[in-house]
Amino acid sequence: MPDIFTQTINNLSIIGISSPRLEARMIFAFLLDQSQDAVGTNSTLSPQQQELLAKIIKRRKDHEPLDKILGYRDFYKYSFAVDCNVLSPRPDSEILVEEAIKLAKEEKTTSILEFGVGSGCLILSILSDCPQLRGVGIDKSTKAIEIAKKNAEQLNLLPRITLKQGDYFSPLDISEKFSLIISNPPYISSGDIAALDLEVKNFDPLMALDGGPDGLCHYRQIAVVAKPLLQDGGHILLEVGQGQADDVCNIFDRQGFADKKIVCDLAGIQRCIIFKK
Ligand SMILES: C[S@@+](CC[C@H](N)C(=O)[O-])C[C@H]1O[C@@H](n2cnc3c(N)ncnc32)[C@H](O)[C@@H]1O
């Protein structure tokens, strides 16, 4: 009879989890409140922990993402609380964070605004690495703002960030101008949502996914609302979906953002566009 850690790897593998060893480590670390390095074939679980393990595996079988079950997700250099009210942070978005940090350091930027802050993983990572920066994060979802506040508190960033519930489509009560604006808006075409993986479709909020009929609605709105909020010489950094870079460049060109740079992610996909005002 294999040990319970090996059994868990086998059970996760049987239900189709693609990284069963990694997930077993994450689950055991969570159950035992230990680091992932400390858990393995020597780990033992109490009967209560075994019951919880069975529930976790059942939820994974029902396609619930592990981060939403455990309540946290590692992103960039930090750990973020997540739940069903926020998009699970994606590794693809780290490129935007790295580019924003580079710019903020080169240009000695002091202020940053994020449209669609969600869990806060983007702006809070940037603020953590740039102590001179202060930020404002906006989200339409009240529950997402609550999670972002929790993450700001955990990272000791509450003194440097204002988190506001609001819709960037309607005029925002923001009088200041920012040197950096970032956004990873919803960019899936409405018609493609039904075909998304169950882990995404059933557990990420629709409000974080749906980019309208052609997936570009939010970019059109942001191109208009961002302009007066950006300082002259300031930058806007946007995450885009696969194949959307040219369309998004055209949308921003029409608003007068001609100066641009496109950055690819590790898979070589055009993922982040940087416009200068
Ligand atoms: C793709 S998620 C990105 C979340 C987070 N920035 C990240 O990268 O993980 C987009 C976010 O935009 C928010 N959102 C959608 N429509 C919005 C609107 N009209 N005004 C403000 N926020 C909106 C959603 O609630 C969601 O949190």
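## As for the overall build of the protein chain
Within the protein chain one finds 10 helices and nine strands. Relative to the compact-globule value of 19 Å for 277 residues, the protein chain shows a C-alpha radius of gyration of 20 Å, a close match. Each principal axis of the C-alpha atoms in the protein chain carries an extent, and together these give about 65 × 40 × 35 Å. Counting every position in the protein chain, which comprises 277 residues, the buried fraction comes to 40%. Here the analysis covers contacts within the protein chain between residues at least 6 apart in sequence; of these, 65% occur between residues at least 24 apart.

## Some thoughts on the nonpolar core
Residues Ala100, Ile123, Ile126, Ile182, Val248 and Ile273 are the most contacted members of the largest nonpolar core, which totals 60 residues. Top element by residues in this core is helix α6 (residues 121-129). It accounts for six residues. With near-sequence residues (within four places) excluded, Ile126 lies in contact with Val97, Ala100, Ile101, Ala104, Ile112 and Leu133. One finds Leu12, Ala24, Ile27 and Leu31 within the second-largest nonpolar core, a separate group that totals 12 residues.

## Some words on the site of the ligand
Neighbouring residues of the ligand: 22 residues in total, closest Gly116, Gly118, Lys140, Asn184 and Ala208. When contributions to the shell around the ligand are tallied by element, the ones reaching two or more residues are α6 and β4 (134-139). Residues that form the shell around the ligand fall into these classes: 13 nonpolar, six polar and three charged.

## Examining the domain arrangement of the protein chain
Often, the extent of an interface is quoted as the loss of accessible area on bringing the components together. Looking at the assigned domains, one finds that the protein chain contains domain 1 (4-62) and domain 2 (77-276). Here the C-alpha centroids of domain 1 and domain 2 sit 33 Å apart.

## Brief notes about unusual backbone geometry
Leaving glycine aside, a negative phi is the common case for residues, and trans is the common case for peptide bonds. Here His63, not a glycine, exhibits a phi torsion of approximately 75°, which is positive. Of note, His63 is situated in the loop between α3 (47-61) and α4 (66-70). Take His63: there are 15 C-beta atoms within 10 Å of it, and that puts it in the partly exposed class. The phi torsion at Asn156 lies on the positive side, around 55°, for a residue other than glycine. Its location among the elements puts Asn156 in the loop between α7 (142-154) and β5 (161-165).

## A closer look at the pairing of strand β1 (residues 72-75)
Only one face of β1 is covered, namely the one carrying Arg73 and Phe75; the face carrying Tyr72 and Asp74 has none of its residues buried. Inspection of the sheet shows β1 paired to strand β2 (residues 78-81) by four bridges, in the antiparallel sense. Pairing of Tyr72 across the sheet is with Ala81, part of β2.

## Some words on the packing of helix α5 (residues 94-106) against α6
Orientation of α5 relative to α6, taken along the N-to-C sense of each, is 35°, at an axis distance of 10 Å. As for how α5 packs across α6, the hand of that crossing is right-handed. Note on element contacts: α6 touches α5 through Leu122, Ser125, Ile126 and Asp129, opposite Leu96, Val97, Ala100, Ile101 and Ala104. Taken together, the residues of the contact of α5 with α6 sort by class into seven nonpolar, one polar and one charged.

## Describing the pairing of strand β9 (residues 270-276)
In terms of residue burial, β9 counts as a mostly covered element, since five of its seven residues are buried. As judged from the five bridges shared by strand β7 (residues 230-239) and β9, these two strands associate in the antiparallel manner. Within β9, the position partnered with Ile236 by the bridge is Phe275. Across six bridges, the pairing between strand β8 (residues 259-264) and β9 is antiparallel. Across the sheet, residue Lys260 finds its bridge partner in β9, namely Phe275. In textbook terms, the turn of a hairpin is the stretch between consecutive antiparallel strands, and for β8 and β9 this stretch comprises five residues, one of which, Gly268, has a positive phi near 80°.

## Thoughts on the environment of Lys150
Among the structural elements, Lys150 can be located in helix α7. Note on Lys150: 15 C-beta atoms within 10 Å, which makes it partly exposed.

## Some thoughts on the sheet that holds β9
In any sheet, the strands associate via hydrogen bonds between backbone groups, in a parallel or an antiparallel arrangement. Spatially, β5-β4-β3-β6-β7-β9-β8 is the arrangement adopted by the seven strands of the open sheet, whose pairing is mixed. What marks the edges here is a single partner per strand, and that holds for β5 and β8. Recorded for the sheet is a direction-independent mean angle of 15° between the axes of neighbouring strands. Bridge count between strand β3 (residues 111-115) and strand β6 (residues 178-183): four bridges; the pairing is parallel. Among the inter-strand pairings, Phe115 is bridged to a residue of β6, identified as Ser183. Its contacts with the sheet place α6 against β3, β4, β5 and β6, and it is angled at close to 165° to β3. The strands touched by helix α9 (residues 217-226) are β3, β6 and β7; relative to β7, the strand with the most contacts, the crossing angle is about 165°.

Conventions we followed
Counting restarts for each chain, with residues numbered from 1 along the sequence as it is written. The predicted origin of the model limits local features to residues at a pLDDT of at least 70 and limits the giving and counting of side-chain atom pairs to 80 or more, whereas totals for whole chains, interfaces and linings rest on all residues. We count a stretch as a helix when DSSP gives it H or I for four or more residues in a row; a strand needs E for two or more, and each element gets its number in order from the N terminus. The quantity called the radius of gyration is restricted to C-alpha atoms. Its globule counterpart is 2.2 Å times the number of residues to the power 0.38. Residues are called buried when their C-beta atom has 20 or more other C-beta atoms within 10 Å, exposed when it has 12 or fewer, and partly exposed otherwise; all C-beta atoms are positioned from the backbone. Residues are defined as contacting one another if the C-beta atoms placed from their backbone atoms lie within 7 Å. By convention in this section, buried Ala, Val, Leu, Ile, Met, Phe, Trp, Tyr and Cys residues joined through C-beta atoms within 7 Å make up a nonpolar core. We call a residue near a molecule or strand when its C-beta atom, built from the backbone, sits within 6 Å of it. Gly is put with the polar residues, along with every residue not named as nonpolar or charged; the nonpolar set is Ala, Val, Leu, Ile, Met, Phe, Trp, Tyr, Cys and Pro, and the charged set is Asp, Glu, Lys and Arg. The source of the domain bounds is an automatic or database domain assignment. One bridge is not enough; two strands pair if DSSP finds at least two bridges between them. The axes are straight lines fitted to the C-alpha atoms, using for helices just the contacting stretch, and the angles between their N-to-C directions are given from 0 to 180°. If you view the pair so one helix is near and one far, a crossing is left-handed when the near helix is turned anticlockwise from the far one by less than a right angle, and right-handed when it is turned clockwise.

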